[in-house]
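Tertiary structure, described
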Amino acid sequence: MALALNDPGLGARVREVFEQGRLLALPTETVYGLAAPIDRPDLIARVFELKGRPADNPLIVHVGTLGQARRVVSEWPEPAERLSRAFWPGPLTLVLPRAACIPDAVTAGLDTVAVRMPDHPAALAVLRALDVPLVAPSANLFTCLSPTSAADVRAVFSADQVEILDGGPCRVGIESTIVGIDSRRRRLLWLRPGMLERAEIVRHLPEGWRLEAPPASEAEGGPRQAPGRMEIHYRPTRPLHVHVCAGRADCDRLAERLRGDGARALVVLPEDANRAGRDLYRLLRQADGENPESIELLLPAERLRQPAWEGVINRLRKAATRWIQVPADGG
Ligand code: AMP
Ligand code: MG
């Protein structure tokens, strides 16, 4: 029987799913997560196994309360307090020194843990009913498109493997913004852009703190491994060509030409960054489903400079098999 959001016994039902050795597809505002309790090493191993995710890629711990968040870390510096109060529940993940209760399998052996409180009523209901944090990486196969609806999850995982809580389509549509908090040097590291802009984060930093690009190597204090920072990720099965058009008219001309080409699928993102984030994976998945020779996505060049677009551009750079600069006047 399907899980229902308004079931007063939701917590007990989810516990049953885990007791059966199955995972839960958890709706969040970013993407659907493949959830397992942090105190169930067998199910955490199953997350890696089902996704085909390498064991050295750490998972994000999802919490339902601030108290839970503070119990999974060993340090709660001022920026954590301020950012969590400003943006949680919401699409922001904080990386902090981990508490002893966090197993190595979750952090891939790192001494830090990534934690987030998702902004979705279903996710919060489950997390608060269970009273144990859940890991919940995207409910897809490693490097593939992330799921933004229950149907996307079911297309990949069977009912024997994964129980789905259908919370409708995801509102944000791409993965969370991730910042690392380095108390010793009073800096935040920009680990993965999402739909929360840098300026919004900076506005909430205490005096004397800075937001920086992460150091390139571990020797300089950089993260050893992070899947969101891999070069190839979020990929459709068909080749994706991103055309960066100098001007709007160039985009229109190219779109006109591509529309007449039945072998290629055309994707034009919404004008608004938030809508583009929300629709990105859905549109790519839809285009992929037409099984075209290739997917052609048009992007006005001005987007590359707009802070609101940083998260979407980051995903496109990893998803694209080719990145094409279309010269002004023609293409
Ligand atoms: P996802 O695949 O969306 O669950 O994302 C996991 C992301 O969390 C990766 O992109 C990592 O960058 C990040 N992450 C998780 N744990 C850590 C950590 N301890 N240090 C740095 N990044 C982390
Ligand atoms: Mg993922």
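See the structure above.
A short tour of the structure in this document, coming up.

Definitions and cut-offs
Residues numbered from 1 in each chain as written. Chains lettered and ligands numbered in written order. Predicted model: local features only at pLDDT ≥ 70, side-chain atom pairs only at ≥ 80, totals over all residues. Heavy atoms only, no water. Helix = DSSP H or I, 4+ residues; strand = E, 2+ residues; numbered from the N terminus. Buried < 20%, exposed > 50% of the residue type's maximum accessible area, 1.4 Å probe, protein only. Pairing = 2+ DSSP bridges. Axes fitted to C-alpha atoms, helices over the stretch in contact; angles between N-to-C directions. Contact = heavy atoms within 4.5 Å.

**Quick notes on unusual backbone geometry**
- In this model, Trp 88 is joined to Pro 89 through a cis peptide bond whose omega is -10°.
- Of note, Pro 89 is situated in the loop between α4 (78-87) and β4 (92-97).
- One non-glycine residue, Arg 186, lies in positive phi territory at about 50°.
- Here Arg 186 shows up in the loop between β8 (177-182) and β9 (187-192).
- Classification of Arg 186 as partly exposed rests on a relative accessible area of 42%.
- One non-glycine residue with positive phi stands out, namely Asn 291, at about 50°.

**Some words on the sheet that holds strand β11 (residues 240-245)**
- Strand order in this open sheet of 4 strands is β12-β13-β11-β14, and the pairing throughout is parallel. Strand pairing shows two members of the sheet lacking a second neighbour, β12 (264-268) and β14 (322-326), which therefore form its edges. Here the average twist between neighbouring strands, direction ignored, is 25°.
- Of the pairings in the sheet, the one linking β11 to strand β13 (residues 294-300) comprises 6 bridges and is parallel in character.

**Things to note about the sheet that holds strand β2 (residues 33-37)**
- The 10 strands lie next to each other as β7-β1-β2-β6-β3-β5-β4-β8-β9-β10, forming an open sheet whose pairing is mixed. The sheet is open, and its two borders are formed by β7 (162-164) and β10 (210-212), each paired with just one other strand.

**Points about α4**
- Of all the positions in α4, only Pro 79, Ala 80, Glu 81, Leu 83, Ser 84 and Phe 87 are classed as buried.
- On its buried side, α4 packs onto α3 (66-72), β4, β8, β9 and α8 (198-203).

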